[in-house]
Amino acid sequence: MGEKIISGFSKLSKEEKIDWLVCTFSDQRAETKQVLSEFWQEDADLQRVLDGFSENTISNYVMPFGIAPNMVINDRVYAVPMVIEESSVVAAASSAAKFWMKRGGFRTEVRSTKKLGQLHFSWSGDVNKLREVFPTLENKLRTETAHLTANMEKRGGGIREIELIDFSDQEPDYYQLRVAFETCDSMGANFINSVLEAFGQSLQSFVATHSIFTDEERSLEVIMAILSNYTPECIVRAWVECPVAHLEHACKDMDATTFAEKFRKAIRIAEIDPYRATTHNKGIFNGIDAVVLATANDFRAIEACGHTYASKDGQYASLSHCTVENGVFKFWLDLPLAVGTVGGLTKLHPLAKLSLELLGSPSAKELMSIIAATGLAQNFAAVRSLITTGIQQGHMKMHLMNILNHLSANEKEQRAAVKHFETEVVSFSSVRTFLSNIRSSNGVLAHE
Ligand code: MEV
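Residues numbered from 1 in each chain as written. Predicted model: local features only at pLDDT ≥ 70, side-chain atom pairs only at ≥ 80, totals over all residues. Heavy atoms only, no water.

(A) View of the domain arrangement of the protein chain. Each assigned domain of the protein chain is listed with its residue range as follows: domain 1 (2-51), domain 2 (66-110 + 235-389), domain 3 (115-228) and domain 4 (394-447). Inter-centroid distance (C-alpha atoms) of domain 1 to domain 2 is 39 Å. (Domains from an automatic or database assignment.)

(B) Representation of helix α8 (residues 189-209). Here α8 is 21 residues long and its end C-alpha atoms lie 30 Å apart, about the 30 Å a rise of 1.5 Å per residue gives. Every buried residue belonging to α8 is among Phe191, Ile192, Asn193, Val195, Leu196, Ala198, Phe199, Gly200, Ser202, Leu203, Phe206 and Val207, and all of these are buried. (Helix = DSSP H or I, 4+ residues; strand = E, 2+ residues; numbered from the N terminus. Expected span 1.5 Å × (residues − 1). Buried < 20%, exposed > 50% of the residue type's maximum accessible area, 1.4 Å probe, protein only.)

(C) Local environment of the side chain of aspartate 334. Here aspartate 334 shows up in strand β10 (residues 328-336). For aspartate 334, a relative accessible area of 10% puts it in the buried group. Among the polar contacts listed, one links the side chain of aspartate 334 to the side chain of arginine 237, at a separation of 2.7 Å. Leave out the neighbours within four places in its chain, and aspartate 334 touches Ile235, Val236, Arg237, Tyr309 and Leu319. (Polar contact = N/O pair within 3.5 Å; in protein donor to acceptor, adjacent residues only side chain to side chain. Contact = heavy atoms within 4.5 Å.)

(D) Up close: a nonpolar patch on the surface. A cluster of nonpolar side chains, namely Phe65, Ile67, Leu351, Leu354 and Leu358, defines an oily patch on the protein surface of about 380 Å² accessible area. The greatest single-element share of the nonpolar patch, amounting to 3 residues, is contributed by helix α12 (residues 350-358). Tracing the backbone through its elements, the reader meets phenylalanine 65 in strand β1 (residues 65-73). Overall, the relative accessible area of 31% leaves phenylalanine 65 in the partly exposed class. (Patch = residues over 30% accessible without salt bridge, like charges linked within 9 Å, V, L, I, M, F, W, Y side chains within 5 Å. Areas by Shrake-Rupley, 256 points an atom, 1.4 Å probe, with all protein chains shown as cover. Salt bridge = Lys/Arg side-chain N within 4 Å of Asp/Glu carboxyl O.)

(E) Structural view of the side chain of lysine 114. Mapped onto the fold, lysine 114 is located in strand β4 (residues 114-123). For lysine 114, a relative accessible area of 18% puts it in the buried group. Ignoring anything within four residues of it in the chain, the contact list for lysine 114 reads Glu161, Ala180, Phe181, Glu182, Thr231, Glu233 and Cys234.

What follows is the structure, encoded as structure tokens:
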């Protein structure tokens, strides 16, 4: 075991890191080294940019970058960039975009872009005294962080409400300052965390010096200062709606009324049952994450927040909802999305920069709309497939190419397989059998 432990790995050059890694952990040294090296050597300048994002980088990891065209959102047409490795996702978003394009497109409304942060602290003083002098404390907190907030305030943002929350009934001496922020077009994580850390020092000095507190109350321990990724007020609603009769072409084997009712029921199931809700929301996040990633936003933060929001009523449930009333089909999604279109990696990652340019350099609010509409499109397409043809038909057709690549099919074999599987069920073994049949029949396809 000892020979696999290293100290000072981060100090090694990229070549040294790779050498150590392949010598220690790879059975196919030359091959591993070549794969790791060829990605970063292909574009050393790009790799230098990526090296700045995280630590101990030895290469880069390539993902498909696709486009879902024809997304009409609030009467504006977008070609939405999506970074995702899963087959069918971009095709599904594109097909839903096209479907709704002819029915008024997607609508969105951003309620607010309020972000939250927390200063968690331990203090054994009298909380009533702290409440009494809270306006003075608040003033001190704002004044002593004015140097940090000045720029953000110029852009229309800054600190909003500061609230004292008493959790001492659940954990002795535990209190929290919950702070609301407006961070405009930036996600604002660094801004929020810097302000909160400064708040910690101001709070300590406040209780240490204010005359209302006794000597026993002068010591306060800051436990931690960090933003909350749960931002239930930084929320966007995306929706589509049309007369039920306009759903006539949603499925060729189902009339519009049957489709609308079956669709509504499928969404209702995800509102009732957490097992279905998890899969249902995963489908929504197929679309959300792909755009979040393409624009260099933090998909873990978005996911964490979305799933907490999905549990807000005490049970994990669907993020989307549907009604069919008075002959009108309505389908919508409410989702908190704390994203930025400036700062972070948005300009540093060349493809993220490009994605934002393709989207017309949107504000954070506009990007929230685009992301939510894409999530709703994804959800519509997935549920439409599930309640009609089933998901596997489209999925396995796309997956066919992956299987063919895995089995090293040449172009001619691929064309033959695509034709053959138009009417056959795709599975790994059926594709392998098909290939071995055509390869052994006369060897023509394999060698052309
Ligand atoms: C697959 O990635 C996503 C779906 O499972 C979503 C859903 O079931 O709604 C198809």
